[in-house]
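Observations on the model geometry
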Amino acid sequence: WMTVKGYPGIRYVEVTCPTGTARAIAHFYLEMINCTVSTSVPGEAVVCVGPGAHAVFVEDSRFSNQDLQDVKGVHLCMYTNDFKGLYKRLKD
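As a starting point, this report considers the structure included with it. (Residues numbered from 1 in each chain as written. Predicted model: local features only at pLDDT ≥ 70, side-chain atom pairs only at ≥ 80, totals over all residues. Heavy atoms only, no water.)

So, on to the pattern of salt bridges. Applying the stated criterion across every chain yields a total of three salt bridges. Residue arginine 62 is joined to aspartate 60 by a salt bridge in which the shortest nitrogen-to-oxygen separation is 2.8 Å. (Salt bridge = Lys/Arg side-chain N within 4 Å of Asp/Glu carboxyl O.)

Let's shift gears to the packing of aromatic side chains. On inspection of all chains with the given rule, the structure shows three aromatic pairs. Ring pairs connect the aromatic residues Phe28, Tyr29 and Phe57, which therefore count as one cluster. (Phe/Tyr/Trp six-rings, centres within 6.5 Å; stacked < 30°, edge-to-face > 60°.)

Turning our eyes to something else, we now look at the nonpolar core. Ranked by size, the top nonpolar core spans 14 residues in total, and within it Tyr29, Val47 and Phe57 carry the most contacts. Contributing elements (two or more residues each) for this core: helix H1 (22-31), strand E5 (44-50) and strand E6 (53-59). When residues in this core are grouped by element, the largest group, four residues, is from H1. In this structure, valine 47 is in contact with Tyr29, Cys35, Thr36, Val37, Ala53, His54, Ala55 and Phe57, ignoring residues within four places of it in sequence. (Core = buried A, V, L, I, M, F, W, Y, C linked by side-chain atoms within 4.5 Å. Buried < 20%, exposed > 50% of the residue type's maximum accessible area, 1.4 Å probe, protein only. Helix = DSSP H or I, 4+ residues; strand = E, 2+ residues; numbered from the N terminus. Contact = heavy atoms within 4.5 Å.)

Bridge analysis of strand E4 (residues 37-38) against E5 gives two bridges, and the strand direction is antiparallel. Counted as the bridge partner of valine 37 is valine 47 from E5. Counting the residues between successive antiparallel strands, the hairpin from E4 to E5 contains five residues, one of them, glycine 43, with a positive phi of roughly 80°. Bridging between E5 and E6 involves six bridges; their strand directions are antiparallel. Bridged to valine 46 within E6 is valine 56. (Pairing = 2+ DSSP bridges.)

Structure follows, in structure tokens:
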């Protein structure tokens, strides 16, 4: 069942990314957005983006420049408990 803390919802979204980028993605979410991050599986970054919800970034050597162009504009909504701090870090 796809549930978030016992209620209907999406537990995770898997996002394909270019080979060699998962660690940098993890670093960004950890340092800039202050998310809890796991990189225990090589080539993956699991980012907690809300209560019981995760974005899982998975490296794939087949990910091309065209794939990157195709996903431009796609976005992910997440919770933050420090909007002012996040805004300042991203602005700087």
